[in-house]
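Residue strings, one per chain:
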Amino acid sequence: MPSSNTSKPKTAIRKAEKLVDSMLFAERSCMLDLSKSLHEKSLSYPQFFLLTYLANEDYLTMSKIAKKMNHTTAATTGLIDRLEKFAYVKRFNAIEDRRKICVHITNKGKRAINELKKEVIDNLANLLSD
């Protein structure tokens, strides 16, 4: 068997290992910076991820949020309560079924998500330029 065929898998594995190391380093760096920014905005990671879901939708029902977040509806209610307290989201009753509670992100919530995303993008761009 020619040596080029046997060296390709080893080379690919080394490249993959290097890529994984770089990805993990970038993730750690971005998450550490994100953690500081979330703290400044009084947000937890679950609240941040929920706001990113809501930023891409007109609204979500409480049951859909619970399913997306893999939470109980009670835990989801607590999550929404806090976000509503900081005016990041608003709740309303669905027109077609007033028993359904819907949640949408406010402009303040959108601004917070956009600022946080920009910080992550800037951090990642700095890492890539190094």
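Conventions and cut-offs
- The residue count restarts for each chain, going from 1 along the sequence in the order it is written.
- A pLDDT threshold of at least 70 governs which residues receive local features in this predicted model, and a stricter bar of 80 or more applies before side-chain atom pairs are shown or counted, although totals over entire chains, interfaces and linings include all residues.
- Note: side-chain values were computed over all heavy atoms of the structure, leaving out hydrogens and water.
- Counting from the N terminus, the helices are DSSP H or I runs at least four residues long and the strands are E runs at least two residues long.
- Our radius of gyration is a C-alpha quantity, and the globule rule it is checked against amounts to 2.2 Å times the number of residues to the power 0.38.
- Here the term buried applies to any residue with accessible area under 20% of the maximum for its type, exposed to any over 50%, and partly exposed to those in between, with areas from a 1.4 Å probe on protein chains only.
- For this analysis, residues touch if any pair of their heavy atoms sits within 4.5 Å.
- Pairing between two strands requires that DSSP report at least two bridges joining them.
- Where helices are involved, their axes are fitted lines through C-alpha atoms of the stretch in contact, as for all axes, and angles between N-to-C directions lie from 0 to 180°.
- Helix span, expected: 1.5 Å multiplied by one less than the number of residues in the helix.

Engineer: Sorry if this is basic, but what is going on with the overall build of the chain here?
Structural biologist: In terms of helices and strands, the chain carries 5 helices and 3 strands. When its helices and strands are written in sequence order, the chain yields α-α-β-α-α-β-β-α. A compact globule built from 130 residues should have a C-alpha radius of gyration of about 14 Å, whereas the chain, at 21 Å, is more than 25% larger. Evaluated residue by residue, the chain yields a buried proportion of 28% over its 130 residues. Excluding contacts between residues fewer than 6 apart, the proportion of contacts in the chain whose partners are at least 24 apart in sequence is 49%.

Engineer: Just checking my understanding: could you explain unusual backbone geometry for this structure?
Structural biologist: Even without being a glycine, Asn70 presents a positive backbone phi close to 60°. Within the secondary structure, Asn70 is located in the loop between α3 (62-69) and α4 (73-85). In the Ramachandran plot, Ala87 falls in the positive-phi region, its phi being about 65° despite a non-glycine side chain. With respect to the helices and strands, Ala87 occurs in the loop between α4 and β2 (89-93). Under the relative-accessibility criterion, Ala87 is labelled partly exposed at 37%.

Engineer: I tried to follow the sheet that holds strand β3 (residues 101-105) on my own but got confused; where do I start?
Structural biologist: Pairing within the open sheet is antiparallel, and its 3 strands lie in the order β1-β3-β2. The sheet is open, and its two borders are formed by β1 (60-61) and β2, each paired with just one other strand. Relative to β3, β1 runs antiparallel, the two sharing 2 bridges. Looking at β3, one finds that Leu60 is bridged to Val103. Helix-sheet contacts for α4 involve β2 and β3, and the interaxial angle to β2 is about 120°.

Engineer: Explain helix α5 (residues 107-129) here, please?
Structural biologist: It helps to recall that an α-helix has 3.6 residues per turn; residues three or four apart then point in one direction. With 23 residues, α5 extends 32 Å from end C-alpha to end C-alpha; this agrees with the ideal 33 Å at 1.5 Å per step. For α5, the set of buried residues is Gly109, Ala112, Ile113, Leu116 and Asn123.

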